Amino acid sequence: MEMRYLEGVATLALDEAACIGCGRCTEVCPHAVFEVAHRKARIRDRDRCMECGACARNCPAGALRVQAGVGCAAAIVMGWLTGRTPACGCGSDGCC
Ligand code: SF4
Ligand code: SF4
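Remember, predicted model here, so these are calculated numbers, not experimental data.

Caption draft 1: Representation of a nonpolar patch on the surface within the structure. A cluster of nonpolar side chains, Met78, Trp80 and Leu81, forms an exposed patch at the surface whose accessible area comes to about 380 Å². Mapped onto the elements of the fold, methionine 78 is located in helix α3 (residues 71-82). Here methionine 78 falls in the partly exposed class, since its relative accessible area comes to 45%.

Shown next as structure tokens:
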């Protein structure tokens, strides 16, 4: 089963100029968010990111940023784990 989360909410950011193309992010990401081509990483599907933070912790160039353990994706994961309604408090309209 393909794991995807809410569309367009992951805090993941890639600085392509800083990337040295080492491929470490492709090794540590549990959801295959990245691919490397022509010595540059690319986000192939941002909505697969669960904001675990492994890529940012392991990127030797500091090219990746993600707010691990916060936000909508983390709220959804916690909802799955606890059986409660996901709630991250990001929206006044009660989106989640
Ligand atoms: S770990 Fe960092 S430097 Fe290495 S390919 Fe990924 S983004 Fe680029
Ligand atoms: S935060 Fe985790 S799931 Fe998201 S891109 Fe980085 S390693 Fe992959």
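Caption draft 2: Quick look at the site of ligand 1. Around ligand 1, 13 residues are found, and the nearest of them are Cys19, Cys22, Gly23, Cys25 and Cys59. Looking at the shell around ligand 1 residue by residue, the class counts come to ten nonpolar, two polar and one charged.

Caption draft 3: Main features of the side chain of aspartate 45. Summarising the element assignment, aspartate 45 is placed in the loop between β3 (40-43) and α2 (54-58). Judged by relative accessible area, aspartate 45 falls into the buried class, the value being 16%. Within the local environment of aspartate 45, its side chain forms a polar contact with the backbone nitrogen of aspartate 47, the two atoms lying 3.2 Å apart.

Caption draft 4: Structural context of the site of ligand 2. Around ligand 2, 13 residues are found, and the nearest of them are Cys29, Cys49, Cys52, Gly53 and Cys55. Looking at side-chain class alone, the shell around ligand 2 contains eleven nonpolar, one polar and one charged residues.

Caption draft 5: Molecular detail of unusual backbone geometry. Although it is not a glycine, alanine 32 adopts a positive phi angle of roughly 50°. Take alanine 32: it is sitting in the loop between α1 (24-28) and β2 (34-37). Phi at glutamate 51 takes a positive value of approximately 55°, unusual for a residue other than glycine. Here glutamate 51 shows up in the loop between β3 and α2. What makes glutamate 51 buried here is its relative accessible area of 2%.

Analysis parameters
Residues numbered from 1 in each chain as written. Chains lettered and ligands numbered in written order. Predicted model: local features only at pLDDT ≥ 70, side-chain atom pairs only at ≥ 80, totals over all residues. Heavy atoms only, no water. Patch = residues over 30% accessible without salt bridge, like charges linked within 9 Å, V, L, I, M, F, W, Y side chains within 5 Å. Areas by Shrake-Rupley, 256 points an atom, 1.4 Å probe, with all protein chains shown as cover. Salt bridge = Lys/Arg side-chain N within 4 Å of Asp/Glu carboxyl O. Helix = DSSP H or I, 4+ residues; strand = E, 2+ residues; numbered from the N terminus. Buried < 20%, exposed > 50% of the residue type's maximum accessible area, 1.4 Å probe, protein only. Near = heavy atom within 4 Å. Nonpolar A, V, L, I, M, F, W, Y, C, P; charged D, E, K, R; others polar. Polar contact = N/O pair within 3.5 Å; in protein donor to acceptor, adjacent residues only side chain to side chain.

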